[in-house]
Every structure is written in structure tokens, then in C-alpha cells.
Amino acid sequence: MNRLGPVLLAIALLLLARPTSIGQLEQAFIDSHAASLERLFGLLDPSREETDAIRRQWALGQRLEAAHALLAHLRQPPFPETALVPLDLPLNIREQAEAALSHRFFILGQWIELQRAGPFLDWHQRGPSGDKEVAWMLNRQGFLPILAQAHVETGDPRFQEAANALLLDWLAANPYPDRLTFSAPWRALEVARRLLNSWVHVFYQSDCLSPEARLLLLASMPDHADALQEHTSFWGGNHLMTEKLALLLLSIAFPVFEQAPHWQTHALAELERLFLGQSYPDGSYTELSNHYQRVVLVNARTFHRLLQGVPAQSTSIATRERLARMWDYFAGVTRPDGFGPLNNAGDAERNAAFLLSAWPEFDRPDWLYIATGGIEGESPHAPPSRLYPWAGQAILRSGYSPRDSWVYFDAGPFGTAHQHVDRLHLSAFLQGQPILVDAGRYTYQPGKWKDYFSGPHSHNVLLINGQPARQGPRRTNVPLPLSIESGTGYTFAESIGHFAPPASIAPWATSTVPWSRCLLLDDRGFLIVVDFVETHGPVDLQAIWNFDPGL
């Protein structure tokens, strides 16, 4: 596959030497960029009547007319605009747009000034602290929608000129490497985010881009598709989901390319495999963290939106049902005050806010009921207490109002990533008050604080001779033992764990020490926790209880 690098280098030097033209295409531009445009028009789909006519027009030498025809053909999006995820633009759009005029961007809570490296801007720049995430965020090009919106709001041509100049500089400075790379411009996740949250929106939802920039952006789309199909995150996870979602978006947004149906078939098959393979039948994400459940639900919501642009039979019923179950699980574990549990690498996040924006798309008024504490929506048909057997989690609940009680009991797998040592941990929110808490993630920075927050001492568990129980498997093919029973005015749950044989009993012992934990929640807000441990000898048994700091 021919690449655009050398040609775009010449393009950029030419365009940077003079003000960016926002007017009509000129024959001089077509002649100067014939090689890259030749490739673009050669990749159009000959099986579609409109694009075949444009291809033949180009081949007959009517190149300026063909370029105008292609841009006119793509003036309106060929998909429902509701398929695009709305952009989360900052409140200070004008301030950030003004700063972008002098190559200053607000990234990860700090202002970064982009310097030149030779004839181009340094798109690998990591900021004053050398943080690679700064370079990654920079190459997602969130500044383009900001400049486009500032131009819409003010009509100031400086914002339009800056958007075009920055885009053309990036295209010229960063030819496609056609290989797996972790470079900031072409790491697969940045390729995906650039399409999902910047390029496609700006291409279709604003008049910010010049005809020249639109054509060169189009010429780069096949390279982006190749990166998202051939050079993606080999370890999988939510990165790979995001990358395949971007490939699906490309196929929907630019069906003019001959390879678009192939991109779509590949992306749909991979996304079905990923959503089914990275979640359990009860809807829980295999990392078993409320935070990463939310991250994957962002992808699930994007997938649900993009499915508006593909035939209904393109995805299986099982996949569509799994997406709904993932949301249902997220709603079911939500505390009465709207927050989610802090299991594994979790943060204090309001599940309710996310549910409020999602329930209309799925027509689930029961999620609205949970998110609003019973003020709006419809009460769930299922009992308040829930068992998620594959996640190995029991939610003991007296109701959904802010003054109701809720207990989270974790007897499930260790998790496929971001794990904490929390076998048989419980969190308790009783009568509108957090009582027993999980400390959550706090930090990923290696050191004593990360060790503490991910270790047993920040969880409500038992230790024998200072050691926690054996954790569950990272992943399971069958639900682990966990039972739940609800009666009039109460809910009961029970599970079992095992400690390694303590050397203090017999160094040669091989049998484990069983630990059974039972919970009884009275609907009036009284919780009993009973632990049974059979040690077969003297041990140092320690019960850790982390009470809410407000108590």
C-alpha cells in the first residue's frame, strides 16, 4: 500500500508557507497533490454508482470536478447523526480555542505549549514532566472540535485557520508507519480516539475544514483503518474494544471506500467476540471493578449507537442482550445514594449520573427509578436484593430510597485485571449512612500506598497469622459458591473461602483452613456478620473492619 508521507511533507511545506485557504479548491492544489489524491480516488468503491462515477471522472482527467463531486457527496453524513457519541466539550471553549492559536493546549489538568521540531510541530511532546500520556492525549486531537465550536460560536476566522493549519501539520509530520507502534501519533488507541472523538465529528458536523484539509483527511482514512485492523492492542481489554469501535465508525462514516464493507464485517465480528468474551453471562465485566465496568459501558453505549448505522441482523441477539445485561448489572449494584461499590481498582463514582443519561436509549425506566432513588421511573420487577453468580457478588438491599440499606458481598473471582486482595469482603451502607467501606483504588503509582489500598488491610476481611485467604481464580468458567435468600423483612447470604495451611499448626500440613462468612440484613437496617473458621490449632486470627471516616 502506497503511503502519503513524502507527498504530505511537500504539501505541508507549501501550505505552511502561506495562509490556509478556506475557499474553493483550485486546479493548482489538485496538480500539486496528484499522487496522494490518485491513491484516494483509486480506493473509492466501484460497486457504488455515485463513487464509480467519481472514480471515472478522475480517471478521465476531470480531476478538479471529481474532487468537488467527492466532497459534495460527503457533505451530509451517510448515517444517523445520533450514532455519533456527543462530544464532552469543556466549559471554557473560548479560552482553550484562543490558547490553541499559539499552540497551547490544556491536557491532563495542565497547559502544554507545543514546540516545533524542524519544519513541523513536535507531536511527540510529553510536557515538562515527560509524561507519555500528555503526548497520547495530544494526538487524540481534542483541540479540533474545540476550535470548530469556537468558530461556530464566534465566526472568528482565526479559529478556522488554526484548525486547518494544525491538522495539515499533523498529517505531514506523521506518515503512517504501517506496523505495530506505541508512538503517540499512531498508537492504536490514539488512532481510535482521534476518529471517535475528533475527526469524524469535525468532518461532518462543522464547516471548519477547508476543501484541501477535507481531501487530505479522507486520504488518511484508509491508513487509520489499516492500523485499527492490523496493528491493534494485542493484549485485548477495553483498548481493543475502543479500537474496533473506531473501525466500525469508519465503515459507517465513509462507505465510499471499497474496503468499507470488509472493515465493517471485521469490526462487528471482533466486537461481538470481545463483548461476549470479556463479560460474564450476568453482565459483569471480567475485571470486576465498578470503575472499569463503567469504562466498558462507555464502549457498549458507543456500540449501541453505531448499530443504528448497520443492518439489524449484523449482530447476534446474544450480543445485544449481553449489552443490556451489562447495564442492568451496573444499575443493580448501585448504592441507595447513587454511588457504585469501590471494588477492586474503583473510584467514588456516581453510577446514577451515568444511568440517567443511558436509560432512554434502552427504554429502561427501572434504571431511572434506581438512579433517582425511587422518585422517577418504574420500580424494578425483581426483588431489591440481587445475586450475580458469575461475578460472585451478592447485593443485600432493603430498597432504593436514599435512606434504605445496602450491603455488597464479594465472593467471586479475583478479576482479570486491577485486582485487590479482598476475598469475602463486604461493604455496608445502612439507613442512608456508609458504615463499612472499601478504600478503593487511590493510586496506580507503585509503592507502599498502592500496596496498602490493593492489599487486605484496606478491606473488611479476616487474616490468619497476618495472611489473607486464598483469592479466587482470575476468571471462572462456572459460578463460585455463593447463596442468597430473601424472606419477609430480611436477606441472608453465605459463601466460603480458604486459608493456606498455617505453619504454626503443622509445617507439613496440606489441608486448607475453611472460612465461612454469613450475612443477615434486617430490612430495618440491622446487619449481622458471622464468621466460622476451623483452624485445627492455635493461630493469630485478626478481623479487619474499615469504618467510614465520618463515623
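Each value, and the rule that gives it
Residues numbered from 1 in each chain as written. Predicted model: local features only at pLDDT ≥ 70, side-chain atom pairs only at ≥ 80, totals over all residues. Heavy atoms only, no water. Helix = DSSP H or I, 4+ residues; strand = E, 2+ residues; numbered from the N terminus. Buried < 20%, exposed > 50% of the residue type's maximum accessible area, 1.4 Å probe, protein only. Pairing = 2+ DSSP bridges. pLDDT = per-residue confidence, 0-100. Salt bridge = Lys/Arg side-chain N within 4 Å of Asp/Glu carboxyl O. Phe/Tyr/Trp six-rings, centres within 6.5 Å; stacked < 30°, edge-to-face > 60°. Axes fitted to C-alpha atoms, helices over the stretch in contact; angles between N-to-C directions. Core = buried A, V, L, I, M, F, W, Y, C linked by side-chain atoms within 4.5 Å. Patch = residues over 30% accessible without salt bridge, like charges linked within 9 Å, V, L, I, M, F, W, Y side chains within 5 Å. Areas by Shrake-Rupley, 256 points an atom, 1.4 Å probe, with all protein chains shown as cover. Left-handed = near helix turned anticlockwise from the far one by under 90°. Contact = heavy atoms within 4.5 Å. Nonpolar A, V, L, I, M, F, W, Y, C, P; charged D, E, K, R; others polar. Parallel < 35°, antiparallel > 145°, perpendicular 65-115°, else oblique. Polar contact = N/O pair within 3.5 Å; in protein donor to acceptor, adjacent residues only side chain to side chain.

### Examining the environment of proline 77
And step 1. Position of proline 77 among the secondary structure elements: in the loop between helix 5 (63-73) and helix 6 (93-101).
And step 2. Separated by 422 residues in the primary sequence, proline 77 and phenylalanine 499 place their C-alpha atoms 59 Å from one another.

### Topic: the pairing of strand 8 (residues 426-430)
One face of the sheet, then the other: side chains in a regular strand alternate in exactly this way.
And step 1. Counting buried positions over the five residues of strand 8 gives five, a clear majority of the element.
And step 2. Neither face of strand 8 is open: one carries Leu426, Ala428 and Leu430, the other Ser427 and Phe429, and all of them are buried.
And step 3. Bridge analysis of strand 8 against strand 9 (residues 433-436) gives three bridges, and the strand direction is antiparallel. Directly across from leucine 430, in strand 9, lies its bridge partner glutamine 433.
And step 4. Counting the residues between successive antiparallel strands, the hairpin from strand 8 to strand 9 contains two residues, one of them, glutamine 431, with a positive phi of roughly 50 degrees.

### What about the confidence of the model for the protein chain?
And step 1. Chain-level statistics for the protein chain give a pLDDT mean of 91 and a share of 95% at 70 or above.
And step 2. Helix 1 (residues 5-16) is the least confidently modelled element of the protein chain, averaging 40 in pLDDT, while strand 7 (residues 406-410) averages 98, the highest of any element.

### Thoughts on the pattern of salt bridges
And step 1. For the coordinates displayed, the defined rule picks out 21 salt bridges.
And step 2. One network of salt bridges, in which partners are shared, links Arg94, Glu98, Asp156 and Arg158.

### A word on the packing of aromatic side chains
The description of an aromatic ring pair rests on the distance of the ring centres and on the angle between the ring planes.
And step 1. Per the counting criterion, the structure on display carries 28 aromatic pairs.
And step 2. On the basis of an interplanar angle of 45 degrees and a centroid distance of 5.7 Å, the ring pair of tryptophan 170 and tryptophan 186 is categorised as tilted. Here tryptophan 170, found in helix 9 (residues 157-173), pairs with tryptophan 186, found in the loop between helix 9 and helix 10 (188-205); they are 16 residues apart in sequence, far enough to count as distant.
And step 3. For tryptophan 170, a relative accessible area of 0% translates into the label buried.
And step 4. With a centroid separation of 5.4 Å and 0 degrees between ring planes, the pair formed by phenylalanine 275 and phenylalanine 303 is classed as stacked. Of this pair, phenylalanine 275 sits in helix 13 (residues 260-277) while phenylalanine 303 sits in helix 14 (residues 290-306), and the two are 28 residues apart along the sequence.

### Some details on the sheet that holds strand 7
And step 1. Taken together, five strands build an open sheet; the order of strands is 5-6-7-8-9 and the sheet is antiparallel. At either margin of the open sheet sits one strand with a lone partner, and together these are strand 5 (386-388) and strand 9. With direction set aside, neighbouring strand axes in the sheet form an average angle of 15 degrees.
And step 2. Relative to strand 8, strand 7 runs antiparallel, the two being bridged by four bridges. Across the sheet, the residue bridging to phenylalanine 409 is leucine 426, located in strand 8.

### Considering the sheet that holds strand 14 (residues 513-522)
And step 1. If you walk across this open sheet you meet the four strands as 12-13-14-15, and the pairing is antiparallel. Every interior strand has two partners, whereas the edge strands, strand 12 (482-487) and strand 15 (526-533), have only one. Averaged over all pairs of adjacent strands, the angle between strand axes in this sheet comes to 15 degrees, irrespective of strand direction.
And step 2. Taken together, the eight bridges between strand 14 and strand 15 define a ladder with antiparallel strand orientation. In the sheet register, aspartate 522 faces strand 15, and the bridge partner there is phenylalanine 526.

### Let's talk about the nonpolar core
As a rule of thumb, soluble globular proteins bury nonpolar side chains together.
And step 1. Ranked by internal contacts, the top residues of the largest apolar core, which has 110 residues, are Phe41 and Phe254.
And step 2. Of all hydrophobic cores here, the second largest spans 25 residues; its members include Leu430, Ala469, Phe499 and Trp515.

### Notes on a nonpolar patch on the surface
And step 1. Together, Leu520, Phe526, Ile528, Val530 and Phe532 make up an exposed nonpolar region whose accessible area comes to about 440 Å².
And step 2. A total of four residues in the nonpolar patch trace back to one element, the largest contributor, which is strand 15.
And step 3. The residue phenylalanine 526 is located in strand 15 in this model.

### Focus: the packing of helix 13 against helix 14
And step 1. It is the contact of helix 13 with helix 14, at a shortest axis distance of 12 Å, that shows an interaxial angle of 145 degrees. As for the relative orientation of helix 13 and helix 14, their crossing is left-handed in sense. For the pair formed by helix 13 and helix 14, the contact residues are Leu268, Leu271 and Phe275 on the first element and Val296, Asn299, Ala300 and Phe303 on the second.
And step 2. Taken together, the residues of the contact of helix 13 with helix 14 break down into six nonpolar, one polar and no charged.

### Details of the packing of helix 11 (residues 211-230) against helix 13
And step 1. Running from N to C, helix 11 and helix 13 cross one another at 25 degrees; their axes reach a closest spacing of 11 Å. On the basis of their axis angle, the class for helix 11 and helix 13 is roughly parallel. In terms of crossing hand, the pair formed by helix 11 and helix 13 is left-handed. Residue-level contacts link Pro222, Ala225 and Gln229 of helix 11 to His262, Trp263 and His266 of helix 13.
And step 2. Looking at the contact of helix 11 with helix 13 residue by residue, the class counts come to three nonpolar, three polar and no charged.

### Considerations on the environment of serine 486
And step 1. Within the secondary structure, serine 486 sits in strand 12.
And step 2. Residue classification places serine 486 among the partly exposed positions, given a relative accessible area of 47%.
And step 3. For the pair formed by serine 486 and leucine 521, sequence separation is 35 residues and the distance between their alpha carbons is 9.5 Å.
And step 4. Those residues within four positions of serine 486 in sequence are excluded, and the remaining contacts are Ser385 and Thr491.
And step 5. Of note is the side chain of serine 486, whose polar atom sits 3.4 Å from the side chain of threonine 491.

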